Amino acid sequence: MSSTVPANSVGLVTPSVARFGEPLPLECGKTLPSYELIYETYGTLNSTRNNAILICHALSSDHHAAGYHSTNDKKPGWWETCIGPGKPIDTNKFFVVCSNNIGGCKGSTGPMSKNPQTGQPYGPDFPLVTVKDWVNTQARLANQLKIDCWQAVIGGSLGGMQAMQWSIDFPDRLKHCFIIAAAPHLSAQNIAFNEVARRAIITDPEFHEGHYYKYDTEPARGLMLARMLGHITYLSDDAMLAKFGRELKTSDYQFSYDVEFEVESYLRYQGEKFIGQFDANTYLLMTRALDYFDPAKNYNNDLSAALSMTKARFHIIAFTSDWRFSPARSREIVKALLDNNRDTSYAEITANHGHDAFLMDIPHYMDVFRANMNQLDLADHTADQSAETTHAPT
Amino acid sequence: MLRPDLEIIDDWIKPRSRVLDLGCGDGTLLAHLTEHQSITGYGLEIEDENISKCLNKGLNVLQINLDEGLADFNDNAFDYVVMTQTLQAVSYPDKLLDEMLRVGREVIITFPNFGHWRSRMNIALQGRMPLSDSLPHAWYNTPNIRLCTLNDFEALCTEKSIEIAQRTVVNHAHRSTIAMRWLPNFFGEIALYRLRSS
C-alpha cells in the first residue's frame, strides 16, 4: 500500500485469535478437543449489538477480508472491493467479522497445527470438517463476541454455502442471508474438477501421504497444478480471451514446451504463487468440504424442505458468465425459497469475468449489493413490539 | 401520485393478498400495494437499474426473464398475478398467459390497444406504423413485438376459455370517457383486464 491509507479502506488491521476449550463434535463423527479461530473485525459494534455482519470466506481465502496488515502490504484483504467505509458493506455502519475456517492454514486450527495428543502437526489426521462444522465454530465465535444475532451473514462461492447453512442451522441468529455466486450443492462436473486437483496433490511424490511436514517438504508440483486448474474454472472463456487471447510471450513460436502463450504464463504464475502460501492438506480438505455440502441430503434431497425453517431475508446474486456455479444453480436456491414464501431477492449480474466476478468492482453488482444492504434495518423495534404487547387484548 | 391505471389496479386488489408483479419496473405498484394494501409477494424484472430501484424500496425483486416462463412458481401460489404494459413485449404472450393463470387465482393485465383510432389512422392515411404516447418507439427498435387490439386479446381469451371478469379502457392520461365505454377498441388507448380460468 502507499504511505497513506485510501480513504475508503478500513486501513491497518490486526487479526485476533479466539480460543475454544470446549470439544467440538464434527459431522464426520470425530471430535476436535480444542481449537483456535483467527479473525479480523472492521467497524464498531453498537450498543445494542445488532450491527454485526459475518463474512464467510471461500476455498482459498481467509480471515483477511479487508484493509492492510502493514504499510508494506502490496495488496489489501480479499474483499476490499466490498468492505470499507462507504462501500456496500459499510464499516461506518456495521461491525464486520471474518474468521479463517478450521482446517485452514492461515492461523485457525488446521492440518498444520499441532495435534495436542501427539505433539506433531495433524497433517492428514486432521478430521474432514464440513460447512456445517464451520458454521458451528462461527456460532461459538459469535457467542464469545456476545453477538446473539448477526444483522447479516454474507458469503460468495463456498462462503455463500456457509451463509445458507447458517440460515438453516441457526434461523434465529441472522436477519439477512447473502448467498453470492454459490450453489445448493456441487454438480458432478464440479466434483470432477476437485478430484483432479486432489489427485494432483496426492500423487505428488512429495506428498508422503500428507505427512510432508515431517520431511520438511511439500507437494509443491501437485498444489501448483491444483491451483492452475482452479484458476481455469474461476475465469470464463470470454474473460480469458479478453485477458490473454492468443498473445505470445515472444514475437513468434519457439517450438518448445516452455511458456509460449500469455495464458500459460498467467496460470504458472498463479500456481507458483500458491506454493508456500497455502497448505496442500488444507486444499484437500476445503475441496472435500465443497463436495460434501448438500443441505438437502438430510431432507430426501428436497431443498425446499431443507430451507423450510429459515427465517432470514435472502439476497441471492449470480453472474452470467460464472460456469463454476452458474446462475441456474442460484435459481435452484431461489426456487426453494419461493416454495417457502421467503423474502427473497435475486440479481443476475451481467459480467464476463466468470466465477471471480463476485470479488470484482462491477457497477451493477455494487449497486445491487448496496441496495440489498439498504434493506438491513438497525432500528430498535423492541419498543414498538412492547407497545403492541401493551395494547394487545388479554 | 400513483399512475391512474395503477390506481385502478389498486382498487381491484384485496388487502393482505399475495401478489406477483411481472415486469414490475421500478417497483412503484408493488411498493404502493405493500404500503396501502399490506400485500406480500414478488416482482419480476429484467432491467438492471430497476432491480436496484426495487431493492431500495425494500421489495422482493427477482431478475428473471419472463420469456423463461414461471417455472419457479407453484400452482395458485398467488392471489393475483399482475402484468402492466408488458404483454406486448414478451416473446410468447399466449404461453405466459397460461402460466399466469396457473400460478395466480386471478390475473390483472394491462396493455396498449393497437386498435385505437390514432393507430388505425396512422396506417390508413400515412401508411406508417403508429407512433403515440403509449407506443413511442419506431418499428425497428420497439420492444413492443406482440402488439394486439382489444378484439385480438379477447379472441385469445375465448379460444383459451379464459373468463374476463372485468375490463376497463383508458386514454394515455389514464382517464376513461363515455366514448371509450361506447367503442372501447376504437377509443381506448390502454386496456385493463381482470381474468380468471373458467
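Note that the structure is a prediction, hence the values are computed from the model and not measured.

Draft legend 1. Quick look at the overall build of chain A. When you go through chain A residue by residue, the secondary structure sums to 11 helices and 12 strands. Taking 21 Å as the expected radius of gyration for a compact globule of 394 residues, we find that chain A reaches 22 Å, a close match to that expectation. Considered along the principal axes of its C-alpha atoms, chain A spans approximately 85 × 50 × 50 Å. Buried residues in chain A amount to 55% of all 394 residues. Partitioning the contacts of chain A with sequence separation of at least 6, the portion at a separation of at least 24 is 71%. Accessible surface computed for chain A: about 17,300 Å², of which carbon and sulfur atoms make up 51%. Computed over 34 positive and 44 negative side-chain charges, the separation of the two mean positions in chain A equals 3 Å.

Draft legend 2. Spatial organisation of the layout of surface pockets. Of the voids in this model, the largest pocket is the one considered here, and its volume is about 1,300 Å³. In terms of lining residues, the largest pocket is bounded by 37 residues, among which Ser61, Lys75, Trp78, Arg227 and Lys273 of chain A are the most central. For the lining of the largest pocket, the secondary structure elements donating two or more residues are helix H4 (220-234) and helix H6 (262-274) of chain A. Looking at which element gives the most residues to the lining of the largest pocket, the answer is H6 of chain A, with four residues. Partitioning the lining of the largest pocket into residue classes produces 14 nonpolar, 12 polar and 11 charged. Its volume calculated, the second largest pocket comes out at about 610 Å³. Considering the residues around the second largest pocket, the lining is formed by 26 residues, among which Gly23, Glu45, Thr84, Gln85 and Thr86 of chain B are closest to the centre. Counting only elements with at least two residues in the lining of the second largest pocket, the list comes to helix H2 (28-37) and strand E2 (40-45) of chain B.

Draft legend 3. Molecular detail of the pattern of salt bridges. Residue and element names in this part refer to chain A. If you walk through the whole model with that rule in mind, you get 24 salt bridges over all chains. When the shortest N-O distance is used, the salt bridge between Asp172 and Lys311 registers 2.6 Å. One end of the pair, Asp172, is in the loop between helix H2 (158-169) and strand E10 (174-180); the other, Lys311, is in the loop between helix H8 (303-306) and strand E11 (313-319), and 139 residues separate them in sequence. The same class applies to Asp172 as to Lys311, namely exposed.

Draft legend 4. Examining a nonpolar patch on the surface more closely. On the surface, a nonpolar cluster with roughly 530 Å² of combined accessible area is contributed by Ile123, Met129, Trp139 and Tyr140 of chain B. Relative to the helices and strands, Met129 of chain B resides in the loop between helix H5 (117-126) and helix H6 (150-159).

Draft legend 5. The side chain of Asn194 of chain A, seen in detail. All names here are of chain A. In this structure, Asn194 sits in helix H3 (residues 188-202). With relative accessibility at 5%, the residue Asn194 sits in the buried group. In terms of polar contacts, Asn194 uses its side chain to reach the backbone carbonyl oxygen of Thr287, at 3.4 Å. Here Asp291 takes part through its side chain, which lies 2.7 Å from a polar atom of the side chain of Asn194. Sequence-distant contacts of Asn194, defined by excluding residues within four places in its chain, comprise Leu186, Thr287, Leu290, Asp291 and Arg324.

Draft legend 6. Representation of the interface of chain B and chain A. Taken together, the contact between chain B and chain A spans 19 residues of the former and 22 residues of the latter. Buried area between chain B and chain A, both sides added, is near 1,700 Å², and the carbon and sulfur share of it is 43%. The largest share of the area that chain B buries against chain A comes from Leu55, Gln63 and Asp72 of chain B, three residues that together contribute 32% of it. For the pair chain B and chain A, the interface holds 17 residue pairs in polar contact (both at pLDDT 80 or more). Those elements that place two or more of their residues in the side of chain B that touches chain A are helix H3 (48-56) and strand E3 (61-63) of chain B. Element by element, the count of residues in the side of chain B that touches chain A is highest for H3 of chain B, at five residues.

Draft legend 7. Local environment of empty space enclosed by the protein. Following the criterion strictly, the structure yields two cavities of 30 Å³ or more and no others. Volume-wise, the largest cavity comes out at about 60 Å³. Lining the largest cavity are Leu59, Phe193, Asn194, Ala197, Ala226, Leu229, Gly230, Thr233, Tyr234, Tyr283 and Arg324 of chain A. When residues of the lining of the largest cavity are traced back to their parent elements, those giving at least two are H3 and H4 of chain A. Per-element accounting of the lining of the largest cavity gives the leading share, five residues, to H4 of chain A. Among the residues forming the lining of the largest cavity, the class breakdown is seven nonpolar, three polar and one charged. Empty space within the second largest cavity amounts to approximately 40 Å³. In terms of lining, the second largest cavity is formed by Asn113, His116, Arg118, Ser119, Ser132, Ser134, Leu135 and Glu189 of chain B.

Reading the values: the criteria
- Numbers given for residues are sequential positions, taken from 1 along each chain in its written order.
- To label them, take the chains in the order written and letter them from A, then take the ligands in the order written and number them from 1.
- Totals for whole chains, interfaces and linings use every residue, but because this is a predicted model, local features are given only for residues with pLDDT of at least 70 and side-chain atom pairs only at 80 or more, for both listing and counting.
- Where side-chain values are given, they derive from all heavy atoms of the structure, hydrogens and water being excluded.
- Labels follow the DSSP assignment, with helices taken as runs of H or I lasting at least four residues and strands as runs of E lasting at least two, numbered in each case from the N terminus.
- Between the two quantities, the radius of gyration covers C-alpha atoms and the globule rule is 2.2 Å times the number of residues to the power 0.38.
- Only protein chains enter the accessibility calculation, which uses a 1.4 Å probe; a residue whose area is less than 20% of its type maximum is buried, one above 50% is exposed, and one in between is partly exposed.
- Residue contacts are defined here by distance: any two heavy atoms, one from each residue, within 4.5 Å place the two residues in contact.
- Areas reported here follow the Shrake-Rupley algorithm with a probe of radius 1.4 Å; residue values treat only the protein chains shown as occluding.
- Under the convention used here, Asp and Glu are negative, Lys and Arg are positive, and both His and the chain ends fall outside the count.
- In plain terms, the charge of a residue is placed at NZ if it is Lys, CZ if Arg, CG if Asp and CD if Glu.
- For cavity detection a 1 Å grid was placed over the protein atoms alone, and a set of points counts as a cavity when a 1.4 Å probe fits there but cannot get out; an open set counts as a pocket when protein lies on both sides within 12 Å along at least five of seven lines, with lining residues being those that have an atom within 4 Å of a point.
- Grid points are joined across faces, edges and corners, and a volume is the space filled by probe spheres set on the points.
- Residues are grouped as follows: nonpolar covers Ala, Val, Leu, Ile, Met, Phe, Trp, Tyr, Cys and Pro; charged covers Asp, Glu, Lys and Arg; every other residue, Gly included, is treated as polar.
- What makes a salt bridge here is a side-chain nitrogen of Lys or Arg within 4 Å of a carboxyl oxygen of Asp or Glu, nothing more.
- Residues enter patches when their relative accessible area tops 30% and they take part in no salt bridge; the joining distance is 9 Å for like charges and 5 Å for the nonpolar side chains Val, Leu, Ile, Met, Phe, Trp and Tyr.
- We call two N or O atoms a polar contact when they sit within 3.5 Å, provided that within protein one can donate a hydrogen and the other can accept it, with sequence-adjacent residues counted only if both atoms are side-chain atoms.
- Buried area: the sum, over both parts, of the accessible surface (1.4 Å probe) that disappears when the two are put together.

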